[in-house]
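What follows is the residue order along each chain.
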Amino acid sequence: MDINKAIRTAVDTGKVILGSKRTIKFIKHGEGKLVILASKIPKEIEEDVKYYAKLSNIPVYQHNVTSLELGAICGKPFPVAALVILDEGLSNIMEIVKGGK
């Protein structure tokens, strides 16, 4: 399973929070198993997400897609710069990311 399918499966079968503001809110409280960032997002958002994720020991995966593409992968008609996975559902996204794919 590739990373895009794993993200989609997590969105469909698990609990995923979309959007940079909500992602930051959740990781500030130490909630989440994994953060996924689009490749070209505003520097201040990227820095905030990485800072709070590090404080909460939540891994961050920088995907090589734009926010529009990440939104499409999630099945949404809008850009998604960041998302946090609270529950991966039936996806194997944690193994893919840990495996360094």
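A short tour of the structure in this document, coming up.

### Focus: the packing of aromatic side chains
To describe a pair of aromatic rings, one takes the distance between the centres and the angle between the planes.
Then, number 1: Overall, the coordinates contain 1 aromatic pair when judged by the stated rule.
Then, number 2: Centroid distance Tyr51 to Tyr52: 5.1 Å. Interplanar angle 75°. Geometry classified as edge-to-face.
Then, number 3: Relative accessible area serves as the criterion here: at 24%, Tyr52 is assigned to the partly exposed category.

### Quick notes on helix H3 (residues 43-55)
Then, number 1: For H3, spanning 13 residues, the distance from its first C-alpha to its last is 18 Å, which sits close to the expected 18 Å at 1.5 Å a residue.
Then, number 2: Considered for burial, the residues of H3 that qualify are Ile45, Glu46, Val49 and Ala53. Down the axis, H3 shows its buried residues gathered within 100° of arc, on one side only. Exposed positions of H3 whose direction lies more than 90 degrees from the buried face are Lys43, Glu44, Glu47, Tyr51, Lys54 and Leu55.
Then, number 3: Positive backbone phi, at 55°, marks Asn57, one or two positions downstream of H3.

### What to know about the pattern of salt bridges
Then, number 1: All told, the structure shown has 4 salt bridges when counted by the stated rule.
Then, number 2: When the shortest N-O distance is used, the salt bridge between Arg8 and Asp12 registers 3.2 Å. You can see Arg8 and its partner Asp12 sitting in helix H1 (residues 3-13), 4 residues apart, about one turn around the helix.
Then, number 3: Of the charged contacts, one joins Glu46 and Lys43 as a salt bridge, the two residues approaching to 3.9 Å between their closest N and O atoms. With Glu46 and Lys43 both in helix H3 and 3 residues apart, the pair spans about one turn of that helix.
Then, number 4: The buried category is assigned to Glu46, whose relative accessible area is 11%.
Then, number 5: For Lys43, a relative accessible area of 53% corresponds to the exposed category.
Then, number 6: Each of Lys43, Glu46 and Lys50 takes part in salt bridges that share partners, so that together they form one network.

About the thresholds
- Residues numbered from 1 in each chain as written.
- Predicted model: local features only at pLDDT ≥ 70, side-chain atom pairs only at ≥ 80, totals over all residues.
- Heavy atoms only, no water.
- Phe/Tyr/Trp six-rings, centres within 6.5 Å; stacked < 30°, edge-to-face > 60°.
- Buried < 20%, exposed > 50% of the residue type's maximum accessible area, 1.4 Å probe, protein only.
- Helix = DSSP H or I, 4+ residues; strand = E, 2+ residues; numbered from the N terminus.
- Expected span 1.5 Å × (residues − 1).
- Arc of directions from axis to C-beta.
- Salt bridge = Lys/Arg side-chain N within 4 Å of Asp/Glu carboxyl O.

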